[in-house]
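Here are the chains, one letter per residue:
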Amino acid sequence: MDSLRQLRSFVAVAEEKHFGRAAERLHIAQPPLSQQVRRLEAELGVELLVRTTRRVDLTPAGAAYLQRARAILAAVDDAAHEARRAAAGVVGHLTIGCVGSVTYSLLPALARRLSEDLPGVDVSFRGEMLAAPQVEALREGAIDLALLRPPVTDGSLVATPLRRDRLVVAVPEDHPLAARRRLRVADLAGVDLIVHASDRRSAMYDVVRGLCRDAGFEPTVRHEVGETSTLVTLVAGGLGVAVVPEPVQALPLSGVVYVPLTRPTTRVDLVAAHRADRDEPHLRAALDIVRRLAAEPHGR
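Residues numbered from 1 in each chain as written. Predicted model: local features only at pLDDT ≥ 70, side-chain atom pairs only at ≥ 80, totals over all residues. Heavy atoms only, no water.

Caption draft 1: Spatial organisation of the layout of surface pockets. The space that makes up the largest pocket amounts to roughly 300 Å³. Lining the largest pocket are 15 residues, and of these A132, V135, P151, T153 and R201 sit closest to its centre. Where the lining of the largest pocket is concerned, the elements lending two or more residues are α7 (131–140) and α8 (203–214). If one sorts the elements of the lining of the largest pocket by residue count, α7 sits on top with five residues. Tallied by class, the residues present in the lining of the largest pocket amount to eight nonpolar, two polar and five charged. (1 Å grid on protein atoms, 1.4 Å probe; cavity = no way out; pocket = protein on both sides within 12 Å on 5 of 7 lines; lining within 4 Å. Points joined across faces, edges and corners; volume = space filled by probe spheres on them. Helix = DSSP H or I, 4+ residues; strand = E, 2+ residues; numbered from the N terminus. Nonpolar A, V, L, I, M, F, W, Y, C, P; charged D, E, K, R; others polar.)

See below:
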């Protein structure tokens, strides 16, 4: 810090060409200012200034040193600015993973909000990720924040509740169930179901199978798929019906109608997860934005 003070003192005197005006500019007394410049000249072993009773001029060595001193101080100021921005969470890089229902509903608004509120953070997204692959990606550092359906049982991760989404049934528009205003889980007994792939450890696969078993029957699974978009596309093709979180309705597709699932009203949680050893300011700032946005009606 003494070296920086000496540089700032020298630059002020060189630009003002007067010790008194330079002292006023730096808000210090003139004697300490003169001492700082003297120490700098002594350390360099060269005379930087020619002093007279009326003014101060630069020696050739002083003129050369002034250019570098200005550049050094500018770099130090830039570094301080970047450090403050990093501490405030407005710079950095984030990769965010999203389950299918978030990809179509929350993600567009989230991308816009992050761009507006954290313009210095480089954000990328990985959509249509099932819960288990997101957990693995968090462990490996491939993603920084995961928006997924619980459970999250890994003790190395922190899960923050975001909201609870109702379940609806995606039905082909010409299917007998499409005319119903609401459906019970029991109404799905014997109906061809399209579900997320069991071999990819989908949280929704477990939810649907659990609902059917609690209602007293085994689901009739005809197709298993990896992506929510494919699931809804197969529904549109008339290959079966699918139980999905309500935000999936944000994916408009001709030939599909959505019927609320009630009796009992069923909901699934949405959480944001990150590694417990990650606590960077920009990650905390992004998580706060996700929490606020998920709570808003249009964030569904």
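So, next bit.
Caption draft 2: Inspection of the environment of R292 at higher detail. Position of R292 among the secondary structure elements: in helix α10 (residues 281–295). Under the relative-accessibility criterion, R292 is labelled partly exposed at 39%. Along the chain, R292 and L162 lie 130 residues apart, while their C-alpha atoms are 8.5 Å from each other. Leave out the neighbours within four places in its chain, and R292 touches R113 and D117. (Buried < 20%, exposed > 50% of the residue type's maximum accessible area, 1.4 Å probe, protein only. Contact = heavy atoms within 4.5 Å.)

Caption draft 3: Quick peek at the pattern of salt bridges. Applying the stated criterion to the full structure yields 24 salt bridges. Of the charged contacts in the structure, one is a salt bridge between D192 and R222, with a shortest N-O distance of 2.8 Å. Here D192 is found in strand β7 (residues 192–196), whereas its partner R222 is found in strand β8 (residues 220–225), with 30 residues between them in sequence. For D192, a relative accessible area of 31% puts it in the partly exposed group. Linked by salt bridges that have partners in common, E15, E16, R21, R25 and R70 make up one network. (Salt bridge = Lys/Arg side-chain N within 4 Å of Asp/Glu carboxyl O.)

Caption draft 4: Broad picture of the packing of helix α6 (residues 106–117) against α10. At a closest axis distance of 10 Å, the pairing of α6 and α10 adopts a crossing angle of 135 degrees. The pairing of α6 with α10 is recorded here as oblique in orientation. Crossing of α6 against α10: the hand is right-handed. Every residue of α10 that contacts α6 at L106, A109, L110, R113, L114 and D117 is listed here: A286, I289, V290, R292, L293 and A294. Partitioned by chemical class, the residues of the contact of α6 with α10 number nine nonpolar, no polar and three charged. (Axes fitted to C-alpha atoms, helices over the stretch in contact; angles between N-to-C directions. Parallel < 35°, antiparallel > 145°, perpendicular 65-115°, else oblique. Left-handed = near helix turned anticlockwise from the far one by under 90°.)

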